[in-house]
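Observations on the three-dimensional arrangement
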Amino acid sequence: MTTATASLGMERSPPVDQTAGKRIPTGSALYNEVLEFFYDEAALLDQQRFDAWAALLAEDLSYTAPLRITRQGPDRLNTVVRTTLHYDDDYSSMMGRLQRLATKSAWAEDPPSRTRRFITNLRLWEGAKPQEWEAETYLFLSRSRYEQSQLQILSCARRDLLRRSGSGFKLVRREIILDQSVLGMANLAVFL
Amino acid sequence: MTTATASLGMERSPPVDQTAGKRIPTGSALYNEVLEFFYDEAALLDQQRFDAWAALLAEDLSYTAPLRITRQGPDRLNTVVRTTLHYDDDYSSMMGRLQRLATKSAWAEDPPSRTRRFITNLRLWEGAKPQEWEAETYLFLSRSRYEQSQLQILSCARRDLLRRSGSGFKLVRREIILDQSVLGMANLAVFL
Amino acid sequence: MTTATASLGMERSPPVDQTAGKRIPTGSALYNEVLEFFYDEAALLDQQRFDAWAALLAEDLSYTAPLRITRQGPDRLNTVVRTTLHYDDDYSSMMGRLQRLATKSAWAEDPPSRTRRFITNLRLWEGAKPQEWEAETYLFLSRSRYEQSQLQILSCARRDLLRRSGSGFKLVRREIILDQSVLGMANLAVFL
Amino acid sequence: MLIESKPILSDGTPIADLINLETREVSMRLLSDHEVYKLEMERIFSKTWLLLGHETEIPNSGDYVVRDMGEDQVIVSRDRKGEVYVLLNICPHRGMRVCMAETGNAQMHRCVYHGWAFRPDGSFIGAPIEREQMHGNIFAKEDLGLKRARVQLYGGLIFATWNIEGPSLEEFLGDSKFYFDLLFCRTDGGLEALGPPQKFIVPANWKAAAEQSASDGFHTLTLHRSLMETGQYGRATADDIYANAPAMYGVDISCRQGHSLRCIPAEVTFTMFMSMDELKKLSPDQRLEVLPPPGITKEMLPELKRHMSPEGLKLMAKAPPQVGGMFPNVLVLFIYAPRTDGKYSGALALHTYVPRGPDHVEFTNWIFAEKSATPEMKRDMMANAVRQAGTSGTIEQDDSDTWPHMSRNARGAMGRTQTMKYGALLGEKKPADWPGGGYVYDGFTKDDTQWNWWLYYRELMTAKG
Amino acid sequence: MLIESKPILSDGTPIADLINLETREVSMRLLSDHEVYKLEMERIFSKTWLLLGHETEIPNSGDYVVRDMGEDQVIVSRDRKGEVYVLLNICPHRGMRVCMAETGNAQMHRCVYHGWAFRPDGSFIGAPIEREQMHGNIFAKEDLGLKRARVQLYGGLIFATWNIEGPSLEEFLGDSKFYFDLLFCRTDGGLEALGPPQKFIVPANWKAAAEQSASDGFHTLTLHRSLMETGQYGRATADDIYANAPAMYGVDISCRQGHSLRCIPAEVTFTMFMSMDELKKLSPDQRLEVLPPPGITKEMLPELKRHMSPEGLKLMAKAPPQVGGMFPNVLVLFIYAPRTDGKYSGALALHTYVPRGPDHVEFTNWIFAEKSATPEMKRDMMANAVRQAGTSGTIEQDDSDTWPHMSRNARGAMGRTQTMKYGALLGEKKPADWPGGGYVYDGFTKDDTQWNWWLYYRELMTAKG
Amino acid sequence: MLIESKPILSDGTPIADLINLETREVSMRLLSDHEVYKLEMERIFSKTWLLLGHETEIPNSGDYVVRDMGEDQVIVSRDRKGEVYVLLNICPHRGMRVCMAETGNAQMHRCVYHGWAFRPDGSFIGAPIEREQMHGNIFAKEDLGLKRARVQLYGGLIFATWNIEGPSLEEFLGDSKFYFDLLFCRTDGGLEALGPPQKFIVPANWKAAAEQSASDGFHTLTLHRSLMETGQYGRATADDIYANAPAMYGVDISCRQGHSLRCIPAEVTFTMFMSMDELKKLSPDQRLEVLPPPGITKEMLPELKRHMSPEGLKLMAKAPPQVGGMFPNVLVLFIYAPRTDGKYSGALALHTYVPRGPDHVEFTNWIFAEKSATPEMKRDMMANAVRQAGTSGTIEQDDSDTWPHMSRNARGAMGRTQTMKYGALLGEKKPADWPGGGYVYDGFTKDDTQWNWWLYYRELMTAKG
Ligand code: FES
Ligand code: FES
Ligand code: FES
Ligand SMILES: [Fe+3]
Ligand SMILES: [Fe+3]
Ligand SMILES: [Fe+3]
């Protein structure tokens, strides 16, 4: 990597399995609990039940979506850009977004998109702290607005940190690794 | 909701978790059985083994696909239309459809579409009656016909009622919640 | 089937459940292990960690992708063509492909595609030999290259033979049943 | 001002030459050419009456639905006085879409871009910050309303046109109106749209669908053969479908304006559950009792009789119009529908084939019942219609898989020089005592009505601006 | 040689007629017509100065980024001498793309097709197998370099044009340069691009976005109303937004070349945390202390003062330019940004709206801070900008959902004959002691600046080749 | 009647000017222009001979495959007498597609729309309900068959053209036929298509692929460099690839009609497993024994010798034609293929690049072996070909990722004015005792053959109708 590009913040996202703790076996009780959490979360977002979704967010939330960038040669896998982001939110700014969505004039999503969040490929590890887990999921988003007969689609991986909270979990960190350098949607007015 | 639109039958589909019985934990034995049922069902449809698929249908079957409609303002989530439907079938009419597919001239699917039904996000609850369960799955359909190089795609949720039958299940009710107001396919000659 | 088309090698792929051994229940310990194998494999490919992926391949590997072809009438389900293939590799040729990808000039994937392999619908059976299993998965591939704002997509089923190897598995056979007669991508420079 | 293009294509071909009056051939090029398409939007979809919906979709003051006139989106709304208005859904300020929803109820449509507001009749209320007169001082408020189309209701169906000075809807329907009256104006309550229409996109030129809607009866025998194989239509078996040719004989009607209907002898349906001999003994009235027209029940017969002339009634008893079309893009499907209990019921549907560029068409499918039908019957008729027509209908799923091939074929260098042929003509022939006018074709259903459709298409496409 | 088309469309309509100088109307057809689009690529995007990035994106010798001038892709690179070059990313051999990555560092760009190699200044190095002279013997090596655009830097921003003999960037910026200086040239270090730009595609004609960028202040009240409802902009409540009309009064400026800016009284922001009475007691200097211009901190004020004339400084204290645009496709957003801690910070962003055919535009969004800002402040400003502008920004997600509707509306046969109206004119009016030139509009923000945009568009589109 | 357009584009540019004979430049505009594309479909794809498949794909009476001549779909079928017919897959009735499958066996093709039926030779059988004469009375049955193309078989390869009166296939192949004979007509059984072709869509203009097929040997060194890095082609290492320039020297041949082949000295392959000194000791016959031409085994040499002249045989021993193309859209790949066991085998493939609009091309890839090869060898040759060519081939996956960039570059306002250059000319030079005709270029592979391709393209595109 040249100094230039390093300073511009393009890097290879280290695979979760190389940075996280012990693997939580697929299909184990904890794994299934987490899987259920993600399915339920997807349902809340697809049903636009934002209040219930907000209750899943930890107050030390970090919610980001780095850019992806096309590189060639030795740096070709350093495609994740964290200097500029597509989402760059904390708990308080996220509450601001949800407050806006509750107004009578959040036009970007009124009429709302009809969305479907397909969650697959969950992989789970222990986090650095007790009662925290690193989870990677793949998300395929299908989004339909107005009379569009072609679905808008988007694929990404999500690298989440979950924390046990009562009988459920809170989302502490979500980093969304998008697959496109140029997004094919007019906005990201929907959460991923 | 204004009287006008109420009378036109547009409503918000109440989330399954608010109408169904006790949640069946993700990854539990029963859950896994149901998941297997859906995977097997998808395989039967993708392989056009309609006789075997027919054997999964209960005789009191209800198989429907409401319209979705774009709304704005306070009614914006009342997008499910059950007055007009894209599918509106019972067991007997479904048998009629299958009988037609078995003729030598059901052109809409001869040549057959090459389909793939991706099933994800299964969530499961007890039904109102014993040995019945409410299941929600997300379905992503990929469909290829003739020399089309662009896949036809469709996303939806399915809200099913399953009933125990011997060592397996029967499909008693399926409601398909499509994500588009204007479908992007020339027909729904394939089952969802 | 007429002699002509039989001799041209077009056939109906017999459903795995009719050729394989005993079903391994969905959600069983073994099933979960295999599911984890596929999720990990997808992650390796999506992260372009080809060395690690190579370690998953058995030395008696068969890796093929038949053509699909549009038929009508009584032969309409005989759509799998194994005379011509889109992939036709053994272990040694696969190593050649990986060796090429490690050069400084494998342009077809340098810049690399940003891919996401969604794995769903895993079904599992005992294989003909001990410690071998027949697995069917559905794969939805999303692929983004350069500044393309439209995702390239591809759907297929994979019929794999896995063999126990230490604490993991080796991929012994993969047959990729594509859903298109005319592929919508400029090449298959990515593994499925 | 409407942009007028001359009916000569840029390679020098006059549009008129693409429809050969001698050989009754229509050039495939019409199904793919971009210039032709643009002309159609101007000369047909901006000029003729277009079906947009039914007034039962917007029963109350302020109710609206958003629909399409060609590629122009319009608001179909009802104002406080109960009048129906059709308004271009384009803000006169900067061209933003005004109504964002497909349906709703509002006494004021406020554009979300800069807030200009309009009444359900399209009139301009004003821009925000009244004192600043943000609508400017060049145009008066009266000139800043939403563009209004001319509207006419018929049997509750809402028609509109941009052709303000052109023929009335009655004139446009011409001789076919007598027959359409038998379908749309037959009870006290009239028809009711049972819900919003199904909508889906077919990758085909709109005329691939429309030329068929002009009463192509013949395709049923082959394209919809599966339904005969399963015994759903007539008693033919797989082997004798062509020999029996069910529903092929009847009376087709059409008129100069390209509309048409097929009056199909009820025998076809009767013989599903009684013998010809039994049938012959029945008087027209008895026939109506045993097998009322599609969508009508025994209970509704008195109403029916009040709304129809004796001649019309006889026609409904013997050979009710069941399928047909209205120029340019409406399919009429008021058919007997076999039920799984062995009885016959009805399925009433209207489609519009809305152009979406030269290569796509939006299939819009309304389903109807008589307003006075029982809830059970309405429910039954919805199911009947959905199972046979539209998105998943076992009849029409074959049609929508057919049209894209025609469209694709019309794109090739060789393909676009090929022709569609309309040379099988029956010729006008009126049965004795035939009650209606127009062009009447008694016998085997042939190409007459479809050829009339193309003649009117040609007339409009080559008319002097 | 650039292909020159005459400004008359194939149906005979002169482009000039689509912008009516009398009634200040612009035909919707301009938002969808394919011929117009082609002309724009030749007469605008091949002729004017275009913003491509900032030099801090390519700090080192050999650094490059790949960007777009209209639909032509270019390499923006820095050579060994530190010069910035803009080069058509097309191999002179067989037209292959030369740089495959979006960014990187290279002293030699070798085309992967046949291996022709070029320096960062575009000059041709040679083809492989030197002895075989595979570049041929018709053209000299000097003639085989990558095609160079004319480049000019301004405040670190990289502009380029294919118009080699045309006006300089200064001439092109004209009277608006005084104001842009206040934004781009105010500290010793200058601006810094905090990273590569966000990029996403909006299914709209580029002018739907661009005409708004010409300082359409009025749409904020309605389209961005949600932000006022949540109290993010001014103390208005949902009910009195229109009564309060926050940020509507100020001074808009523009010039013949279509650039513009809105100088919005800092009162709007001040009154979020102090009363009008308190505010009135403050001197300009004190105002700058309490609320420095967006992106500037108290610590940076001495720098600011060094870079600005006293008049400029006063303007920054009282009504700093916050939003505006540069013809043809740049949006400037240097705004106060409310923070969740109740304080005000800044968000600095520039967008380009890159045409992608008549129906699509690529939204490119750079985010900036002053180079001398602390890392924390840069981090804060990135977050501010991302939350309000671009892909997921709560302001601009409304905009990008709006433009596609305008574009779609412009496609219909009726829709393309409708017009966008610019009749609400404030008229030129300079406040006393106004320090800058250009056209100055003091008062309620109206259509003046946008109309000027269209006038310059018209000038270019109808200019003699 | 074929629609004839004049070879002048609507902006006044003559097509002829886009190929500069002086400077040997070809305008990039040809890779993106829609009018040019339309002309190509008429002047090239409706006029020249096109490769559609191989007769071993349809061995039996009634067998058919569906293929493409430009954008026109055709049925390639074998009738009862064993004759091969090529028929437009468009129903003369209403333009529906007749054969819905890609392949099958049928003695009657019945259109699913209205049931018109046709024989494998295209002749019309009739419409359903014979008595009603639903084909009308304007055209005789003989006039209602499927439109027939002119067909010629060559080495089992099926060629067809719409140019009924034009040159024969032999005339069209011209001087290149001598060389193609060496590939296609060398055994008793002839070639066998091992299965249906691979098909996939590349988002590029068809000519981006086609101009390369005209024996662009030079790109191999750079674009396919990875294969040399891995040591798959020649003993070059990553560092000396350009110094070694493997396979660059040889004899390229072409002819007026734009066909071409590269005769590559077998040395390149030999030296993978024997020294130059050893090699020099071998007689031509011994060379054939050690390294038979691609696809031929030692066992098949007697056959080979029967089918070839001694001169041809010598050529096959020393420098067999391995890659090349046939105008307009065929790539020939009859190459030595390295095997993982260190030996050399062959991979025989033919591609057609079927136009799918100006911006897309369908890559069709047939894989062959000699019919007399053993099953093991056929299996081996399939694997060889699949691993190197087509969808996943490690050679050609680089090519199909390249062409889209050229196409994209040709769309920009500046890009479309750029040129592709063919100035590196070797000049005609025949080695001593060269057995064949045509234009012969001995030496380093240069632009000659590709330039000839464009000259013939220009000839056809500017020919008088
Ligand atoms: S566009 Fe509707 S108010 Fe401005
Ligand atoms: S196209 Fe760049 S070297 Fe040939
Ligand atoms: S279109 Fe083929 S029979 Fe009518
Ligand atoms: Fe039909
Ligand atoms: Fe805005
Ligand atoms: Fe190549």
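Described in the following lines is the structure provided in the data block. What you see is a predicted model, and the numbers here were worked out from it, not measured in a lab.

When its secondary structure is counted, chain A shows five helices and eight strands. Starting at the N terminus, the α and β elements of chain A follow one another as α-β-α-β-α-α-β-β-α-β-β-β-β. Its C-alpha atoms give chain A a radius of gyration of 17 Å, within 12% of the compact-globule value 16 Å for 192 residues. Principal-axis analysis of the C-alpha atoms gives chain A an extent of 50 × 40 × 30 Å. Across the 192 residues that make up chain A, the buried fraction comes to 71%. In chain A, the share of contacts with a sequence separation of at least 24, taken over all contacts with a separation of at least 6, comes to 64%. Of the side-chain charges in chain A, 25 are positive and 24 negative, and the distance between the mean point of each set is 3 Å.

The next thing to look at is the arrangement of the chains. At the C-alpha level, the nearest point of chain B lies 13 Å from chain E, with no contact between them. Left apart from each other, chain A and chain F have a closest C-alpha approach of 13 Å.

It is worth spelling out the coordination of the iron ion (ligand 4) at this point. Residue and element names in this part refer to chain D. Distances from the iron ion (ligand 4) to its protein donors, His219 (NE2), His224 (NE2), Asp399 (OD) and Asp399 (OD), fall within 2.1 to 2.4 Å. The coordination sphere of the iron ion (ligand 4) comprises four donor atoms, whose angles at the metal cover 56 to 149°; the geometry is irregular. For the iron ion (ligand 4), the single-chain donor residues occur in sequence as H-x4-H-x174-D. Of this pair, His224 sits in the loop between α5 (220-223) and α6 (225-229) while Asp399 sits in helix α14 (residues 396-409); the two residues are 175 residues apart in sequence, bridging distant segments of the chain. Just as His224 is buried, Asp399 falls in that class too.

Attention shifts here to the interface of chain E and chain A. Taken together, the contact between chain E and chain A spans 45 residues of the former and 43 residues of the latter. Three residues stand out in chain E for area buried against chain A, namely Glu102(E), Pro196(E) and Arg387(E), and they jointly supply 15% of the buried area on that side. The tally of links between chain E and chain A comes to six salt bridges. The partner of Arg408(E) in a salt bridge is Glu147(A), with the nearest N and O atoms 3.3 Å apart. The tally of links from chain E across to chain A stands at 29 residue pairs in polar contact (both at pLDDT 80 or more). If you list the elements that add at least two residues to the side of chain E that touches chain A, you get β7 (103-105), β14 (198-202), α5 (220-223), α6 (225-229), β20 (361-370), α13 (375-388) and α14 (396-409) of chain E. Of the residues forming the side of chain E that touches chain A, the biggest block, six residues, is contributed by α14(E). Among the residues forming the side of chain E that touches chain A, the class breakdown is 16 nonpolar, 17 polar and 12 charged.

All names here are of chain D. Taking strand neighbours across the sheet as the criterion, the three strands line up as β1-β2-β21 in an open arrangement whose pairing is antiparallel. Single-partner strands in this sheet number two, and they are β1 (19-20) and β21 (419-421). Pairing of strand β2 (residues 25-27) with β21 involves three bridges; the strand directions are antiparallel. Residue pairing in the sheet places Ser27 in a bridge with Thr419 of β21.

Moving on: the packing of helix α3 (residues 177-184) of chain E against helix α12 (residues 310-318) of chain E. Residues and elements named next belong to chain E. Across the interface, α3 lies against α12 with an axial gap of 11 Å and an inter-helix angle of 70°. With respect to α12, the element α3 is oriented roughly perpendicular. As α3 runs across α12, the sense of the crossing is right-handed. Contact residues: Phe178, Tyr179 and Leu182 in α3; Gly312, Leu315 and Met316 in α12.

Residues and elements named next belong to chain E. With respect to the element layout, Glu55 can be found in the loop between β3 (50-54) and β4 (63-69). Looking at Glu55, the relative accessible area reads 28%, which means it is partly exposed. For Glu55 and Val76, which are 21 residues apart along the polypeptide, the C-alpha to C-alpha distance reads 9.3 Å. For Glu55, the residues in contact, after removing those within four places along its chain, are Arg78, Leu153, Gly156 and Ile158. Only 3.0 Å separates the side chain of Glu55 from the side chain of Arg78, close enough to count as a polar contact.

Further remarks concern the pairing of strand β15 (residues 249-254) of chain F. Residue and element names in this part refer to chain F. Most of β15 is tucked away: five of the six residues are buried. Inspection of the sheet shows β15 paired to strand β22 (residues 439-444) by six bridges, in the antiparallel sense. Residue pairing across strands places Tyr249 opposite Phe444, the latter belonging to β22. Bridge count for β15 against strand β16 (residues 260-263) is four bridges, and the pairing is antiparallel. In the strand pairing of β16, Val251 is matched with Cys263. Taken together, β15 and the strand that follows it, β16, pair antiparallel across an intervening segment of five residues, in which Gly258 is found at a positive phi of about 85°.

With that settled, the discussion passes to the interface of chain F and chain C. Chain F puts 45 residues into the contact, and the matching count from chain C is 43 residues. A salt bridge links Asp398(F) to Arg100(C); the nearest nitrogen and oxygen atoms lie 3.0 Å apart. Applying the counting rule to chain F against chain C returns 29 residue pairs in polar contact (both at pLDDT 80 or more). It is helix α14 (residues 396-409) of chain F that contributes the most residues to the side of chain F that touches chain C, six residues altogether. Looking at side-chain class alone, the side of chain F that touches chain C contains 16 nonpolar, 17 polar and 12 charged residues.

Definitions and limits used
- In this numbering scheme, every chain counts its residues from 1 along its sequence in written order.
- Chains carry letters and ligands carry numbers; both start at the beginning, A for chains and 1 for ligands, and go up in the order they are written.
- Residue-level local features of this predicted model are given only where pLDDT is at least 70; pairs of side-chain atoms are given and counted only at 80 or more, and the full residue set underlies all totals for whole chains, interfaces and linings.
- No hydrogens and no water enter the side-chain calculation; it runs on all heavy atoms of the structure.
- Where helices and strands are cited, they refer to DSSP runs of H or I of at least four residues and of E of at least two residues respectively, numbered from the N terminus.
- Two things to know: the radius of gyration comes from C-alpha atoms, and the globule rule equals 2.2 Å times the number of residues to the power 0.38.
- Exposed residues in this analysis have more than 50% of their type's maximum accessible area, buried residues have under 20%, and partly exposed residues fall in between, with area computed by a 1.4 Å probe over protein chains only.
- Only heavy atoms enter the contact rule, under which two residues are in contact if any of them lie within 4.5 Å.
- Just so you know, the count uses Lys and Arg for positive and Asp and Glu for negative, and it drops His and the chain ends.
- Charge positions come from single atoms, namely NZ of Lys, CZ of Arg, CG of Asp or CD of Glu.
- Metal coordination here is assigned from N, O and S atoms located within 2.8 Å of the ion, or within 3.2 Å for Na, K and Ca; omission of water means that sites may look incomplete.
- Any site counts as irregular unless it has four donors with all angles between 85 and 135 degrees, making it tetrahedral, or four or six donors with opposite ones more than 155 degrees apart and the rest between 65 and 115, making it square planar or octahedral.
- Put simply, buried area is how much 1.4 Å-probe accessible surface two parts lose in total, over both of them, once they are put together.
- We define a salt bridge as a side-chain nitrogen of Lys or Arg found within 4 Å of a carboxyl oxygen belonging to Asp or Glu.
- Pairs of N or O atoms within 3.5 Å make up the polar contacts considered here, provided that, within protein, one atom can donate a hydrogen while the other can accept it, and that residues adjacent in sequence are counted only when both atoms are side-chain atoms.
- In the scheme used here, Gly and all other residues not listed as nonpolar or charged are polar, with Ala, Val, Leu, Ile, Met, Phe, Trp, Tyr, Cys and Pro taken as nonpolar and Asp, Glu, Lys and Arg as charged.
- In this description, strands pair whenever DSSP reports at least two bridges between them.
- Axes here refer to lines fitted to C-alpha atoms; in helices the fit is confined to the stretch in contact. Angles between the N-to-C directions go from 0 to 180 degrees.
- With respect to orientation, any angle under 35 degrees is reported as roughly parallel, any angle over 145 as roughly antiparallel, any angle of 65 to 115 as roughly perpendicular, and every other angle as oblique.
- Each crossing is labelled by how the near helix is turned from the far one, with a counterclockwise turn of less than a right angle marking it left-handed and a clockwise turn marking it right-handed.

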